[in-house]
Amino acid sequence: MTDELPGAVRAELTRLRAERAAFSEERERLRTELREAELQIRELSRHRDRLVQQTEQLAGVTERAAQADALARDVLVARAERDALRAELTETRTERDRLRLRLLDAELRLSGATPPEPPVADGTLAAEHRAAELARELEATRATVSWRVTAPLRAVRRRTS
């Protein structure tokens, strides 16, 4: 049938067939690129979702880091308070010991015993004076009712230890 067509029509028909073949090839190439682009879009979407999750996790980590910093500051404040309380406790204990010694001295004076000697600057004499004070304090403690009442308990503890 194409043999019956005039030469110009046949040439145009051949040109159109060639264009159709080129367009078909171009269409297939574009379809292939479209499928590849769709695959890349899916992969990028998955990657985006992973990044969003990581960002959310980082936000949680940042929040936890802020909480940890706040707790660290609280610990520093608590330690400062503890140190202040320890210093105050030391001062209170020193005052308590001074008052105990004054009380023991007063009890000794009331009982007619000789008052203790004043503190001496010499280290040996000061140590002897302190030992004498401690001995008086121990003697006064042992003279209390509570010491006598708890004597059996201390005896049992010594035997079991």
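Note: the structure precedes this text.
Here we summarise the structure given alongside this text. Computed from a prediction, not measured in an experiment: that's the story for all the values here.

**Here's the deal with the overall build of the protein**
Thinking step 1. Across its full length, the protein carries four helices and zero strands.
Thinking step 2. Along the protein, from the amino end to the carboxyl end, the secondary structure elements read α-α-α-α.
Thinking step 3. Structurally, the protein occupies a C-alpha span of about 155 × 45 × 25 Å along its principal axes.
Thinking step 4. Accessible surface, the protein as shown: approximately 14,000 Å² in total, 59% of it carbon and sulfur.
Thinking step 5. Distance from the positive charge centre (31 side chains) to the negative charge centre (30 side chains) of the protein: 8 Å.

**A look at the environment of Ala 66**
Thinking step 1. Mapping Ala 66 onto the fold places it in helix 1 (residues 7–111).
Thinking step 2. Ala 66 sits 13 residues away from Gln 53 along the chain, and the two C-alpha atoms are 20 Å apart.

**Some remarks on the packing of helix 1 against helix 2 (residues 123–142)**
Packed helices, taken two at a time, are described by the angle between their axes plus the distance between the axes.
Thinking step 1. Between helix 1 and helix 2, the shortest axis-to-axis distance is 10 Å and the interhelical angle comes to 75 degrees. Between helix 1 and helix 2, the crossing angle belongs to the class labelled roughly perpendicular. Within the contact between the two elements, helix 1 uses Arg 100, Leu 101, Leu 104, Asp 105, Glu 107 and Leu 108 and helix 2 uses Arg 130, Glu 133, Arg 136, Glu 137 and Ala 140.
Thinking step 2. Across the contact of helix 1 with helix 2, the residue classes break down as four nonpolar, no polar and seven charged.

**What to know about the packing of aromatic side chains**
Centre-to-centre distance and the angle between the planes together describe a pair of aromatic rings.
Thinking step 1. The tally for this structure, following the rule as stated, stands at zero aromatic pairs.
Thinking step 2. Arg 154 extends its terminal NZ or CZ atom over the ring of Trp 147, reaching a point 3.6 Å from the ring centre.

The rules we used
Residues numbered from 1 in each chain as written. Predicted model: local features only at pLDDT ≥ 70, side-chain atom pairs only at ≥ 80, totals over all residues. Heavy atoms only, no water. Helix = DSSP H or I, 4+ residues; strand = E, 2+ residues; numbered from the N terminus. Areas by Shrake-Rupley, 256 points an atom, 1.4 Å probe, with all protein chains shown as cover. Lys, Arg positive; Asp, Glu negative; His and termini not counted. Charge placed at Lys NZ, Arg CZ, Asp CG, Glu CD. Axes fitted to C-alpha atoms, helices over the stretch in contact; angles between N-to-C directions. Parallel < 35°, antiparallel > 145°, perpendicular 65-115°, else oblique. Contact = heavy atoms within 4.5 Å. Nonpolar A, V, L, I, M, F, W, Y, C, P; charged D, E, K, R; others polar. Phe/Tyr/Trp six-rings, centres within 6.5 Å; stacked < 30°, edge-to-face > 60°. Lys NZ or Arg CZ within 6 Å of the ring centre and 35° of its normal.

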